[in-house]
Amino acid sequence: FVYCARLLKNKGILIFIELSKIYPENKFLVFGSIDPSTRDSLTTNDLNFYKKNCINITFMNNIKDPLLSIKNNPSILVVPSFYGEGFPRGVVEANTLSIPVITSKDAAERIPFKNIFYESKSNDIKSYIECINKIIKDYKNNNLSKKLEYARIKAIKNFSEEIIVKKTLKIYKSLNFKKNKSYLLTKDKKKLNNWLSQ
């Protein structure tokens, strides 16, 4: 099981740690670090406590391309975030690598395709266990590989960097700044024109 995010409670790190206690025979990898700029973060003392008491969790800190480092090992990415962010990039990265993903209900609401991950219906452990059981069931029924291939194709087709950049540039080009008479866009220009009167 894999977690990739800052070690914030709102990002679901405590849910991930609770899951590790339910599956003591499995490895749990945490990619990410504490964030001393927010009270929502685990502290250094918290981290030391979990390192000592949760023997099946390995805290990897920040590493470049963490999902690439585990792509040859059967893994599940868990995104238990209720942080209120946009589309979690880790979901797409996992999809392209054919890694199954479990997301929180909150994270799932920001993802336009609902059949590229397993959605936890609430932020309780029971909902995450249900998702894990669905993955196991799909694996046993030979449906998991089909779902992962579908998710991989969707991710590549819709979320490559090239596609995102092209869509962003298209939006910028569609804005006609000359015709737009917004005060916010013209206030500095007016100040420059009237500098003698200031």
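You'll find the structure just up there.
This structure is a prediction, so every number in the text was calculated from the model and none was measured. (Residues numbered from 1 in each chain as written. Predicted model: local features only at pLDDT ≥ 70, side-chain atom pairs only at ≥ 80, totals over all residues. Heavy atoms only, no water.)

Some remarks on the nonpolar core
Definition in use: As used here, the term nonpolar core means buried Ala, Val, Leu, Ile, Met, Phe, Trp, Tyr and Cys residues forming a set that is joined through side-chain atoms within 4.5 Å. Relative accessibility thresholds used throughout: buried, under 20% of the residue-type maximum; exposed, over 50%; partly exposed, between the two (1.4 Å probe, protein chains only). Secondary structure elements follow DSSP: runs of H or I no shorter than four residues count as helices, runs of E no shorter than two count as strands, and numbering proceeds from the N terminus. By the convention used here, residues are in contact when the closest approach between their heavy atoms is within 4.5 Å.
Judged by nonpolar contacts, the single largest core of 29 residues is most densely connected at Phe1, Leu7, Leu19, Val30 and Ile102. For this core, the elements supplying multiple residues, two or more each, are α1 (13–22), β2 (28–31), α2 (44–53), β3 (57–61), α6 (125–140) and α7 (144–159). When near neighbours in sequence (up to four residues on either side) are disregarded, Val30 contacts Tyr3, Leu7, Ile13, Phe16, Ile57, Thr58, Phe59, Met60 and Asn61. Counting 18 residues, the second largest nonpolar core, distinct from the first, contains Leu77, Ala94, Val101 and Ala108.

Some words on the packing of aromatic side chains
Here is the rule: Classification of ring pairs uses Phe, Tyr and Trp, with its six-membered ring standing for Trp, and accepts pairs whose centres are within 6.5 Å; under 30 degrees between planes counts as stacked, over 60 as edge-to-face, and the remaining range as tilted.
If you walk through the whole model with that rule in mind, you get five aromatic pairs. Between Phe1 and Tyr23 the ring centres are 5.6 Å apart and the planes differ by 35°, which places this aromatic pair in the tilted class. You can see Phe1 sitting in the segment before β1 (2–4) and its partner Tyr23 sitting in the loop between α1 and β2, a full 22 residues away along the chain. The class of Phe1 is buried, set by a relative accessible area of 13%. Residue classification places Tyr23 among the buried residues on the basis of a relative accessible area of 12%. In textbook terms, an aromatic cluster arises when at least three aromatic residues are bridged by ring pairs, as seen for Phe1, Tyr3, Phe16, Tyr23 and Phe28.

Let's talk about the side chain of Asp138
To keep it simple, the criterion reads: Definition of a polar contact: a pair of N or O atoms within 3.5 Å, with one able to donate and the other able to accept a hydrogen when the atoms are protein atoms, and with sequence-neighbouring residues admitted only if both atoms are side-chain atoms.
In this structure, Asp138 sits in helix α6. Among the polar contacts made by the side chain of Asp138, one reaches the side chain of Tyr118 at a distance of 2.6 Å. Contact partners of Asp138, with chain neighbours within four places excluded, come to Tyr118, Asn143, Leu144 and Lys147.

Section: empty space enclosed by the protein
The rolling of a water-molecule-sized probe over the atoms marks out the regions of remaining empty space. For clarity, the threshold we go by: Cavities and pockets are found on a 1 Å grid laid over the protein atoms alone: a cavity is a set of points where a 1.4 Å probe fits but cannot escape, a pocket is an open set with protein on both sides within 12 Å along at least five of seven lines, and a lining residue has an atom within 4 Å of such a point. Grid points are joined across faces, edges and corners, and a volume is the space filled by probe spheres set on the points. Under the scheme applied here, ten amino acids are nonpolar (Ala, Val, Leu, Ile, Met, Phe, Trp, Tyr, Cys and Pro), four are charged (Asp, Glu, Lys and Arg), and all others, including Gly, are polar.
By the definition in use, this model includes one cavity of 30 Å³ or more. Residue lining of the largest cavity: Ser81, Phe82, Tyr83, Gly84, Glu85, Gly86, Pro88, Asp106, Ala107 and Arg110, and that is the complete set. In terms of residue class, the lining of the largest cavity is built from four nonpolar, three polar and three charged.

Details of α6
Convention followed: Expected span of a helix, by definition, is 1.5 Å for each gap between consecutive residues, and there is one gap fewer than residues.
The end-to-end C-alpha separation of α6 is 23 Å, in line with the 22 Å expected for 16 residues at 1.5 Å each. Ile125, Ser127, Tyr128, Cys131, Ile132, Ile135 and Asp138 are the residues of α6 that are buried. In this structure, the buried side of α6 is in contact with α1, β4 (77–79), β5 (101–103), β6 (118–119) and α7. Asn142 sits one or two positions beyond α6 and adopts a positive phi of about 60°.

Let's talk about the pattern of salt bridges
A side chain with one charge may pair with a side chain of the opposite charge, provided their charged atoms come close. The criterion, for reference: The rule for a salt bridge is simple: a side-chain nitrogen of Lys or Arg has to be within 4 Å of a carboxyl oxygen of Asp or Glu.
With the rule as written, the count across this model stands at seven salt bridges. For Arg6, the salt bridge identified is with Asp35, shortest N-O distance 2.6 Å. Remark: Asp35 occurs in the loop between β2 and α2 and Arg6 occurs in the loop between β1 and α1; sequence separation between them is 29 residues. Using a relative accessible area of 33% as the deciding quantity, one classes Arg6 as partly exposed.

Purely geometric numbers; function is a separate question.
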